[in-house]
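Descriptive structure summary
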2 protein chains.
Amino acid sequence: MKFSKIPTATITRLSRYSRALEELAEQDVKVISSENLALYCEVNSAQIRKDLAYFGEFGVRGVGYVVKELLFEIKRILGLNKLWHLGIIGMGNMGSALIAHSNFPRQGYHFVAAFDVDPLKVGKMLPQGFPISPLSELGKIAREREIEIAVISTPASKAQDVANLVVETPIRGILNFAPSQLHVPEGVIVHHIDFTVKLDRLAYRMGSIKPDLF
Amino acid sequence: MKFSKIPTATITRLSRYSRALEELAEQDVKVISSENLALYCEVNSAQIRKDLAYFGEFGVRGVGYVVKELLFEIKRILGLNKLWHLGIIGMGNMGSALIAHSNFPRQGYHFVAAFDVDPLKVGKMLPQGFPISPLSELGKIAREREIEIAVISTPASKAQDVANLVVETPIRGILNFAPSQLHVPEGVIVHHIDFTVKLDRLAYRMGSIKPDLF
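Below you will find a few notes about this structure. The model shown is predicted, which means the values in this text are computed figures rather than measured ones.

**Examining the overall build of chain A**
Broken down by element type, chain A carries 9 helices and 8 strands. If you line up chain A on its principal axes, its C-alpha atoms span 60 × 45 × 35 Å. Burial status across chain A gives 38% buried among its 214 residues. Sequence-distant contacts, at least 24 apart, represent 56% of the contacts inside chain A between residues at least 6 apart.

Here is the structure:
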């Protein structure tokens, strides 16, 4: 872990700042104070300044941040000024929902291939302009279309087998939607999507248990 | 915001600790040191102790945490020792994938109703043992089945209309999978699921941009 000095929470918040700055840019806001950006992102302004300080100096004292400049810089930090090529494996309901989701291309993530093992699905043309490929062609197509990130949306029982195939290709990042832990060799980065973590936060805020009682 | 002194990041990490403790309990681990729990969760042990200190004293110095005890306590803190009733609105690919996802019931979140406006979907029996209901019955069914959280998985263009209907019912929590910001009155809590935030973190870790260059 090379940049372990930068907390994961900072990276997560940078994503949130970049989403907010995009919305502000769309509303044609040119400059925003750190206080107002903080309100918009529901963090405190000291936190924003602290997060950005890891990467350099941004903003003008007494003026604030130039929205488009800061957006550009944060995207640069996050590596988002490039387009990422995604391949999705598992074209059931989840895979079909993900590939159609407008957030991905809007944020620079482009699906360039889709894979399944079901002969009824393989060959089916997608609105993205390419057909579903057989999983057996993962390696070949990963190289041809320069897939960088694999999105796994198979049943839990198949996810590890798929991950084993992925690590044999040049793909070095996996986003796993299947509810199972994946084991991959060093050099491959896996992130899990667990919707229930968000539900826990929601439940906590809705819950009636008072920390004061402990 | 009543408990604003407890950072959101702490709540997120508590979820992660509870997932880890569940796995350890399944492997029949009885006791774990904070160092080993920290390794397992990929945080540092001081962080775990700090997070838990918000809620009281846990663990025995020199011994560690009793896995099942700590799991029970964390679930209590998160309000997860109760079952939550979820209703899902929008039974397209995303809705169908979510209602079938094994993580929800495993973590205490039970779908008790599903809604759609499509007459071809309404009435269709789900494996969960209830049919898809027409959206017009949201209020009635929310009361009958005591729905506490609405999961919105409609197209972005319909999400705000659906949220407007939800806030007219006793439901006070919304988990929004649609890629659109929702505006709700005070007293209703909305959390958004944005998959691309996780992708940003992955991309950042995969990226070649060095913070040292700034």
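**Here we look at the interface of chain B and chain A**
With 53 residues of chain B at the interface, the matching set in chain A holds 53 residues. Of all the elements in the fold, those that place two or more residues in the side of chain B that touches chain A are helix 1 (8–26), helix 4 (67–78), helix 5 (93–99), helix 6 (103–106), strand 7 (173–176), strand 8 (189–192) and helix 9 (195–206) of chain B. Broken down by element, the side of chain B that touches chain A gets its largest block of residues, 12 residues, from helix 9 of chain B. Taken together, the residues that form the side of chain B that touches chain A break down as 30 nonpolar, 16 polar and 7 charged.

**Focus: helix 4 (residues 67–78) of chain A**
Between the first and last C-alpha of helix 4 of chain A there are 16 Å, a value that for 12 residues agrees with the 16 Å anticipated at 1.5 Å per step. Buried within helix 4 of chain A we find Val 67, Leu 70, Leu 71, Glu 73, Ile 74, Lys 75, Ile 77 and Leu 78 of chain A. Each element contacted by the buried residues of helix 4 of chain A is listed here: helix 1 (8–26), strand 1 (31–32) and strand 2 (65–66) of chain A together with helix 9 of chain B.

**A word on the relation of the copies chain B and chain A**
Two copies of a chain can be linked by a rotation about an axis combined with a shift along that same axis. With an axial shift of 0.0 Å and an RMSD of 0.0 Å, the rotation relating chain B to chain A amounts to 180°. Both copies of the chain, as the preceding transformation shows, are related through a two-fold rotation axis. Within chain B, Asn 93 of chain B has its C-alpha nearest the rotation axis, a separation of 2.3 Å. Most of the interface of chain B is mirrored in chain A: 100% of its interface residues are interface residues there too.

**As for the sheet that holds strand 4 (residues 109–116) of chain A**
The 6 strands are arranged 5-4-3-6-7-8 (chain A) in an open sheet whose pairing can be described as parallel. Each end of this open sheet is capped by a strand with a single partner; those strands are strand 5 (133–134) and strand 8 (189–192) of chain A. As paired strands, strand 4 of chain A and strand 5 of chain A are joined by 2 bridges and run parallel to one another. Residue pairing for strand 5 of chain A: Asp 116 of chain A is matched across the bridge by Pro 134 of chain A. Against the sheet, helix 9 of chain B makes contact with strand 3 (84–89), strand 4, strand 6 (149–152), strand 7 (173–176) and strand 8 of chain A, and its axis sits at roughly 165° relative to strand 8 of chain A, the strand it touches most.

**Describing the sheet that holds strand 6 (residues 149–152) of chain B**
Ordered in space as 5-4-3-6-7-8 (chain B), the 6 strands form an open sheet in which the pairing is parallel. What marks the edges here is a single partner per strand, and that holds for strand 5 (133–134) and strand 8 of chain B. Sheet topology places strand 3 (residues 84–89) of chain B next to strand 6 of chain B; 4 bridges connect them, and they run parallel. In the sheet register, Ile 88 of chain B faces strand 6 of chain B, and the bridge partner there is Val 151 of chain B. Where helix 9 (residues 195–206) of chain A meets the sheet, it contacts strand 3, strand 4 (109–116), strand 6, strand 7 and strand 8 of chain B, and its direction lies at approximately 165° from that of strand 8 of chain B.

Rules used in this analysis
- Residues numbered from 1 in each chain as written.
- Chains lettered and ligands numbered in written order.
- Predicted model: local features only at pLDDT ≥ 70, side-chain atom pairs only at ≥ 80, totals over all residues.
- Helix = DSSP H or I, 4+ residues; strand = E, 2+ residues; numbered from the N terminus.
- Buried ≥ 20, exposed ≤ 12 C-beta atoms within 10 Å, placed from the backbone.
- Contact = placed C-beta atoms within 7 Å.
- Nonpolar A, V, L, I, M, F, W, Y, C, P; charged D, E, K, R; others polar.
- Expected span 1.5 Å × (residues − 1).
- Least-squares fit on C-alpha atoms with pLDDT ≥ 70 in both.
- Pairing = 2+ DSSP bridges.
- Axes fitted to C-alpha atoms, helices over the stretch in contact; angles between N-to-C directions.

Shape descriptors only; they carry no functional weight alone.
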